Amino acid sequence: TWSNLNSSTAFRSLDINDAGYVVAISNATFLVVNAADNSVVATGGDVGVGEYRCVAIDSDNIIWIGGEGGLARVEGFSSSRVTKYTSVTGVNADGTFNRSSMRSSYINDIAIVDRHLRYVATLTGIEKMMGSQFMNMNVHNYHLVSNNVYRLKWDASTSSLWASSLCQLHEIVFRDAAHESI
């Protein structure tokens, strides 16, 4: 069957999780749809990461939005329940501590491995995000050809992270459950 949800918004990225929730983003808004019946579950606005570039939704229905100014974790499909991660450490405008140590706040893509592990494509390599802690993978420590990583895809069947950067395609195969050995 083919379904159509009419919208005046031009969507730039979308993702679907195993529960059947589709999340789509435009430049600064997101839309959540139940794929089973095409009902709109939620809409949201600005989450403080600038122009939206990519989106992912995990098995706990947490929405991850990457933008030109960082990464946002959206809970409960609500733009008022957001944790923001940027390359600037210290105190956020709302007084909460920014626990991020990303090298770049410009997010190109997000690949979700499981509820605790995500990979984030940035202008300065790939950020391995375990919980709320980051480790940068770049040309020096993971032999990437370029730090400007544009797209990521996780392949669970081979424990591989596929990354595209400029004119290169990388496959990083992990040999352990902690994703420490390649």
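The shown structure was predicted, so the numbers you read here are calculated from the model rather than taken from an experiment.

1. Some thoughts on the side chain of Arg 118
Move 1: Within the secondary structure layout, Arg 118 lies in strand β12 (residues 117-122).
Move 2: Here Arg 118 occupies a buried position and makes no salt bridge, while the nearest side chain of opposite charge, Asp 58, is found at 5.0 Å.
Move 3: At 3.4 Å, the side chain of Arg 118 and the backbone oxygen of Arg 115 are in polar contact.
Move 4: Among the polar contacts listed, one links the side chain of Arg 118 to the backbone oxygen of Gly 131, at a separation of 2.7 Å.
Move 5: When sequence neighbours within four positions are dropped, the list of residues in contact with Arg 118 reads Trp 64, Ala 111, Ile 112, Glu 127, Lys 128, Met 129 and Gly 131.

2. A short note on the layout of surface pockets
Empty space left among the atoms is revealed by rolling a probe the size of a water molecule over them.
Move 1: What the largest pocket holds in volume is close to 430 Å³.
Move 2: Forming the boundary of the largest pocket are 24 residues, of which Asp 15, Ala 56, Ile 110, Ala 111 and Ile 112 lie nearest the centre.
Move 3: Secondary-structure elements contributing two or more residues to the lining of the largest pocket are β1 (13-16), β5 (52-57), β11 (107-112) and β15 (151-155).
Move 4: In terms of residues, the lining of the largest pocket owes the most to one element, β5, which gives 5 residues.

Reading the values: rules and limits
- Residues numbered from 1 in each chain as written.
- Predicted model: local features only at pLDDT ≥ 70, side-chain atom pairs only at ≥ 80, totals over all residues.
- Heavy atoms only, no water.
- Helix = DSSP H or I, 4+ residues; strand = E, 2+ residues; numbered from the N terminus.
- Buried < 20%, exposed > 50% of the residue type's maximum accessible area, 1.4 Å probe, protein only.
- Lys, Arg positive; Asp, Glu negative; His and termini not counted.
- Salt bridge = Lys/Arg side-chain N within 4 Å of Asp/Glu carboxyl O.
- Polar contact = N/O pair within 3.5 Å; in protein donor to acceptor, adjacent residues only side chain to side chain.
- Contact = heavy atoms within 4.5 Å.
- 1 Å grid on protein atoms, 1.4 Å probe; cavity = no way out; pocket = protein on both sides within 12 Å on 5 of 7 lines; lining within 4 Å.
- Points joined across faces, edges and corners; volume = space filled by probe spheres on them.

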